[in-house]
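Fold and contact review
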Amino acid sequence: MEDIAGRFTAYLQHKMPDASNIAIASLSRIHGGASRETYRVRASWTKDGSETERGLILRRDPVSSLIETERDLEYNAYRAFHPLGLPVPEPLYLETDLSWLDRPFFVMEEIRDCSAGSAFNPDPYGALAPKIGEQFWRHLGSIAKQDPRAIGLAGTMEWVEPADVWKKEVAAWEAVIDEDEMEPQPIARAAIRWLKRNPPPPAQKISVVHGDYRTGNFLFDVQGEIRAILDWEMCHLGDPLEDLAWAADPLWAFGNYDRPAGLIAREEAFRIWRAHSGLEIDPAAFTWWEIFNAVKGLAIWISAGKEFAAGNNLDPVLAFPSWYCTDVHDRFLVNRLSELVERARS
Amino acid sequence: MTPHVTNVMQTFFGTLMAQIAPALGSEYLIGSTSVIAMMMSMAGTEYERGAEVRVMENREMRTLFAAAAPGIGDSALSRRLEEASGGEDTSLRISDLDRTNAALKQLLIELHSHVEELEGPDATDLDRRIWAFMRNAAERRKLPHPLAAA
């Protein structure tokens, strides 16, 4: 078996030349995080006469992943939002030198004594849902409110003009489907044509879009405090309604459209988002981003299935969405779109 | 083949989730085992209905093409619709049905795209029939989530 612990110990020594007695008490892989190999590490060292023990998270690029992204996007997002008080882990090291662990990786603090709700659990939050729900939508509003230039992210991500956001996003995800589909997708293709025929208004502002803000991508503790918003690997600059519609996608709420993310009522969730983002939710624009996000989802699930089928990554977590999530998004799209097409005729 | 495949898959789903996964020490292996268990349950569902949903889809698309072909002004597309409408599924192997299904769906995409550019009541009617087909087909392929069903 690969000696990640030994090699990572050497890396920590390299990053902390003044430290001694560096030891890894445990290193274990965490399930999920399909776009990166994620390991929980318990490390200890002695420095300036005092002993330190710290939990770390190591996120290493996989050979092949569900989402092909650059790891510095995610690292930079943590670096930008951590000082602002948004609950994200403290980023520690970003490493692109392949000599350490064969693939690029980054290291961040471990958020301990927390759990993530599974999007595939019918009731992931139980009695904590109201408390977590208020924070979930508030934090998303806070992300949307930030000026990407002011927090140093505009220079690290491709800028896009408000009127061009939708075209850029549709083109990107259509290209993924073009490249990775293993069978024709009549529903996704009809949806892409609809998106192009019915463009949304220009974005109200250019925001940092997390890209995968949803159930399963944040950690909460037993008191119901959200302690960390994770998985920023798809973050980009764009329309803040993209994040809102993705977070409210019925896939993340076991199909419950009225209680998005399985948390609180839709109306209250969106009221909180508006209050903390300072932005409005144009119904037609929101509908467009709902349809777009289902297409984006399909592109991701199709791509994951292809990676699994090709043997590039045999993690079961890549096969599952290709079956289940594709089915959910296909049905959502075909029902919603046929309504919209019919409404446009009347 | 007894016990029936669907029954075996559902039982293994329960065993993996309730007995085997909790006994594994590794968080990663517990997660992976749970995902494998859910997919076994879904495979059991697909084993039972797989041939039927594909045969129905293929038949419905051929019927749709037969109705559409005479009214399609693009003569090449019309001819291909006519040809496809005359096919039949001579093998019930899933791989063969999938191959035919993919070819028919590719033609459906072309037809739908073409129809969306047309105007008039015939085009509207055909567009509605295509949407109805896609709705029904997606509903028939719905995968019951094993945790929701449990």
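Structure report, in brief. Predicted model only: the values in this text are computed from it and were never measured.

Here's the deal with the interface of chain B and chain A
- At the interface, 32 residues of chain B touch 31 residues of chain A.
- Summing both partners gives a buried area of about 3,100 Å² for chain B against chain A, and 68% of it is carried by carbon and sulfur.
- For the interface between chain B and chain A, the tally reads five salt bridges.
- In this structure, Arg 197 of chain A and Glu 116 of chain B form a salt bridge, with 3.0 Å as the shortest nitrogen-oxygen distance.
- Counting every contact that joins chain B to chain A gives ten residue pairs in polar contact (both at pLDDT 80 or more).

What to know about the environment of Gln 204 of chain A
All names here are of chain A.
- When you line up the elements, Gln 204 lands in the loop between helix 6 (186-197) and strand 6 (207-209).
- In sequence terms Gln 204 and Ile 281 are 77 residues apart; their C-alpha atoms lie 9.5 Å from each other.
- When near neighbours in sequence (up to four residues on either side) are disregarded, Gln 204 contacts Leu 241, Leu 279 and Glu 280.
- A distance of 2.7 Å separates a polar side-chain atom of Gln 204 from the backbone oxygen of Glu 280.

Digging into the pairing of strand 8 (residues 226-229) of chain A
All names here are of chain A.
- Pairing geometry for strand 7 (residues 218-220) and strand 8, over three bridges, is antiparallel. Note that in strand 8 the partner of Leu 219 across the bridge is Ala 228.
- With antiparallel pairing between neighbouring strands as the criterion, strand 7 and strand 8 make up a hairpin whose turn holds five residues, including Gly 224 at a positive phi of roughly 85°.

Let's talk about the nonpolar core
- Counting 127 residues, the largest nonpolar core has Phe 81, Trp 137 and Trp 232 of chain A together with Phe 65 of chain B as the members making the most contacts within it.
- In terms of residues, this core owes the most to one element, helix 9 (residues 283-309) of chain A, which gives 13 residues.
- For this core, the two domains that each supply at least three residues are domain 1 (4-109) and domain 2 (126-345) of chain A.
- Those residues within four positions of Trp 137 of chain A in sequence are excluded, and the remaining contacts are Leu 244, Ala 247, Ala 248, Pro 260, Ala 261, Ile 264, Ala 269, Phe 270, Ile 272 and Trp 273 of chain A.
- Among the nonpolar cores identified, the runner-up in size contains 19 residues, and Ile 4, Leu 12, Ala 43 and Leu 58 of chain A belong to it.

Considering the sheet that holds strand 3 (residues 50-60) of chain A
Residue and element names in this part refer to chain A.
- If you walk across this open sheet you meet the five strands as 1-2-3-5-4, and the pairing is antiparallel. Since the sheet does not close on itself, it has two edges, and those belong to strand 1 (20-29) and strand 4 (91-95), each with one partner. Between one strand and the next, the sheet's axes are offset by a mean angle of 25°, whatever the strand orientation.
- Packing against the sheet, helix 2 (residues 71-81) makes contact with strand 3, strand 4 and strand 5 (105-109), and its axis sits at approximately 155° to strand 4.

Rules behind the numbers
- Residues numbered from 1 in each chain as written.
- Chains lettered and ligands numbered in written order.
- Predicted model: local features only at pLDDT ≥ 70, side-chain atom pairs only at ≥ 80, totals over all residues.
- Heavy atoms only, no water.
- Contact = heavy atoms within 4.5 Å.
- Buried area = accessible area lost by both parts, 1.4 Å probe.
- Salt bridge = Lys/Arg side-chain N within 4 Å of Asp/Glu carboxyl O.
- Polar contact = N/O pair within 3.5 Å; in protein donor to acceptor, adjacent residues only side chain to side chain.
- Helix = DSSP H or I, 4+ residues; strand = E, 2+ residues; numbered from the N terminus.
- Pairing = 2+ DSSP bridges.
- Core = buried A, V, L, I, M, F, W, Y, C linked by side-chain atoms within 4.5 Å.
- Buried < 20%, exposed > 50% of the residue type's maximum accessible area, 1.4 Å probe, protein only.
- Domains from an automatic or database assignment.
- Axes fitted to C-alpha atoms, helices over the stretch in contact; angles between N-to-C directions.

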